[in-house]
Amino acid sequence: MIAELQLDLERMRRAPVACGPVLTGRVIACDGGLVEVAGLPLPIGSLGQIDNEHGDNSLAEVIGFRGGNSLMMLLGDMVLLRPNAPVRALPSAGEVPVGEGLLGRAVDGLGKPIDGGPLIAAQESWPLAGKREGALERAPVTAPFDCGVRTMNALATMGVGQRMGIIAGSGVGKSVLIDTIADHAVADIAVIAMVGERAREVSDFVSKHMAGIMRGRMVVVAVPADHAPNLRLRAAQYATAIAEYFRASGRKVLLVLDSLTRVAHAARELAMLLGEPGAARGYPPSALSAITKLVERAGNSARSGGAITGLYTVLADGDDVQDPVVDTARAILDGHVVLSRALAMRGHYPAIDVPASLSRVMDSVVSHAASADARQLRRLISTREENRDLVMMGAYRAGTDPVLDRALDLSATIDDFLQQDRGEARSMAESQAQLADLLHG
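This write-up is about the structure you can find in this document. (Residues numbered from 1 in each chain as written. Predicted model: local features only at pLDDT ≥ 70, side-chain atom pairs only at ≥ 80, totals over all residues. Heavy atoms only, no water.)

Per the secondary structure count, the chain includes 15 helices and 19 strands. Its C-alpha radius of gyration of 24 Å places the chain within 12% of the 22 Å reference for a compact globule of 441 residues. Over its C-alpha atoms, taken along the principal directions, the chain stretches across nearly 85 × 45 × 45 Å. Counting only residues that meet the buried cut, the chain has 51% of its 441 residues in that class. Within the chain, contacts between residues separated by at least 24 positions form 72% of all contacts whose residues are at least 6 apart in sequence. A total of about 20,000 Å² of accessible surface is found on the chain, and carbon and sulfur atoms cover 54% of it. (Helix = DSSP H or I, 4+ residues; strand = E, 2+ residues; numbered from the N terminus. Rg over C-alpha atoms; globule rule 2.2 N^0.38 Å. Buried < 20%, exposed > 50% of the residue type's maximum accessible area, 1.4 Å probe, protein only. Contact = heavy atoms within 4.5 Å. Areas by Shrake-Rupley, 256 points an atom, 1.4 Å probe, with all protein chains shown as cover.)

Dropping the structure here:
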């Protein structure tokens, strides 16, 4: 305990002290979580401190302005907020702390530790909204990415720098699949963003993954569902900023964002608070564009040689794959894996619906033989599923369809290949070799 206090004191000594004037303002209105502040003209994204009755302060973020006044939203609860409360501007508007000190730590959307450890020793900063790169500065996806899941490695092969979505309803095995990939994916750094999830899931993930071999190369950014929407949105942006920082140093980063739908929900709350009308099933245009902005920040960098391989979970509300968030994500991502509730109910894990899943870069990162084997197995699985009811009723006569006959002959072997024990890893080479053995062995 004393050693940790000494480390904190040393960081305080090294911290720069702002000697210039501090901008201040006053709270003049508070309506539905929106705080209007006069006398504090700050750019959108800036932070401020609002004093309360007990002498404490609450953090707030500027999300808009109206009539010369700043519109702010608290990053926490409205505890003892009163009229004319003083508001002080904080330095480093739009910048977030990054650096090697984040490795092995779990933080919230403001960079404060939530793992019980000391303050983060992050000496560098990065723009929260990222550094925009030109389209030609993005290197193409040419190398395969080993995620440790056999079905994905063999039939929907990811590439280093790809953006892949995992689309699923609630309770279909999305979180367990993310756990497996986070543990066994081949990457230099893993940045995990848990946005709008249950606090229990955050606690379980941190206790499980921050104690093993991945601890020294993993960062967790977590904001549970009961926090303010701007803090949830900020967590997704902060995790992406951390990944961008490590990519700029030339490293291969795995960015997992769970979930993109919760980010859209947070952006929707902010947009509707500012009066933006709903468009697609109640989602304002800015809420859906927030998804595009986040996803486009991942990819390969031709300048540094680093890469961000993005894995984004998308919650299909009511198992509706035509939901606006699902549709937007599917259009902007480089591929998607769909989890089937019907397969999950049969005890099939991972419950990946192979015919409905695809990787748009697969042909660029695997050999021609591996690609041909994947297409062949996809055809067998699709034919078997299309005729499943016919076969179960006993109405199919063997010899009518040679493809279906082979699919039925290999049915048990195919099911064994598609299933994988929880927490078990299967490498890229092993997955493709087992696929070739299944079809040609």
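Further notes follow.
A few words on helix 6 (residues 260-273). Here helix 6 contains 14 residues, and its C-alpha end-to-end distance of 20 Å stays within 8% of the 20 Å for a straight helix at 1.5 Å per residue. Residues Leu260, Thr261, Val263, Ala264, His265, Ala266, Ala267, Leu270 and Ala271 constitute the buried set of helix 6. (Expected span 1.5 Å × (residues − 1).)

Let's shift gears to unusual backbone geometry. Of note, the bond from Asp258 into Ser259 is cis; its omega dihedral lies within 30 degrees of zero at 5 degrees. Its location among the elements puts Ser259 in the loop between strand 15 (252-258) and helix 6. Positive phi values are uncommon outside glycine, yet Asn84 reaches one of about 65 degrees. Along the polypeptide, Asn84 turns up in the loop between strand 5 (69-74) and strand 6 (86-89).

Another point: the sheet that holds strand 1 (residues 24-31). In spatial order, the strands read 1-2-5-4-3-6; together these six strands close into a barrel with antiparallel pairing. Neighbour-to-neighbour, the strand axes of the sheet open up by a mean angle of 45 degrees, direction not taken into account. As paired elements, strand 3 (residues 47-51) and strand 4 (residues 57-66) share five bridges and run antiparallel to each other. Within strand 4, the residue paired with Gly48 across the bridge is Ala60. Sitting on the sheet, helix 5 (residues 229-248) touches strand 3, strand 4 and strand 5, and the angle it makes with strand 5 is about 80 degrees. (Pairing = 2+ DSSP bridges. Axes fitted to C-alpha atoms, helices over the stretch in contact; angles between N-to-C directions.)

Quick look at the packing of helix 6 against helix 7 (residues 285-296) now. The interhelical angle for the contact between helix 6 and helix 7, taken along N-to-C directions, is 135 degrees, at an axis separation of 8 Å. Viewed along their axes, helix 6 and helix 7 adopt a mutual orientation that is oblique. Crossing handedness for the pair helix 6 and helix 7: right-handed. Counting all contacts with helix 6, which are made through Leu260, Val263, Ala264, Ala267, Arg268 and Ala271, the residues of helix 7 involved are Ser286, Ala287, Ala290, Ile291, Leu294 and Val295. The residue makeup of the contact of helix 6 with helix 7, split by class, is ten nonpolar, one polar and one charged. (Parallel < 35°, antiparallel > 145°, perpendicular 65-115°, else oblique. Left-handed = near helix turned anticlockwise from the far one by under 90°. Nonpolar A, V, L, I, M, F, W, Y, C, P; charged D, E, K, R; others polar.)

Our next topic: the packing of helix 11 (residues 368-386) against helix 14 (residues 411-418). Direction vectors running N to C along helix 11 and helix 14 enclose 115 degrees, while the axes themselves pass 12 Å from each other. Accordingly, the angle class assigned to the pair helix 11 and helix 14 is roughly perpendicular. Crossing of helix 11 against helix 14: the hand is left-handed. On helix 14, the residues touching Leu377, Leu380, Ile381 and Arg384 of helix 11 are Ser411, Ile414, Asp415, Phe417 and Leu418.

The next thing to look at is the environment of Gly64. If you trace the backbone, Gly64 turns up in strand 4. Considered as a pair, Gly64 and Gly196 are 132 residues apart in the sequence and their alpha carbons are 23 Å apart.

Attention now moves to the nonpolar core. The tendency in soluble globular proteins is for nonpolar side chains to be buried as a group. Val191, Val221, Tyr238, Ile242, Leu257, Leu260 and Tyr312 are the most contacted members of the largest nonpolar core, which has 61 residues in total. If we ignore the near neighbours within four places in the chain, the residues touching Tyr312 are Arg163, Met164, Gly165, Ile166, Leu255, Leu257, Leu260, Leu294, Val295, Ala298 and Leu333. Among the nonpolar cores identified, the runner-up in size contains 59 residues, and Met164, Ile181, Val206 and Ala351 belong to it. (Core = buried A, V, L, I, M, F, W, Y, C linked by side-chain atoms within 4.5 Å.)

Examined against the element boundaries, Ile181 turns out to sit in helix 3 (residues 174-184). Ile181 sits in the buried class, given a relative accessible area of 0%. Separated by 42 residues in the primary sequence, Ile181 and Val223 place their C-alpha atoms 21 Å from one another. Apart from the residues lying within four places of it in its own chain, the contact partners of Ile181 are Cys147, Val149, Met152, Ile166, Leu254 and Leu311.

Read these as layout, nothing more, since geometry by itself doesn't imply function.
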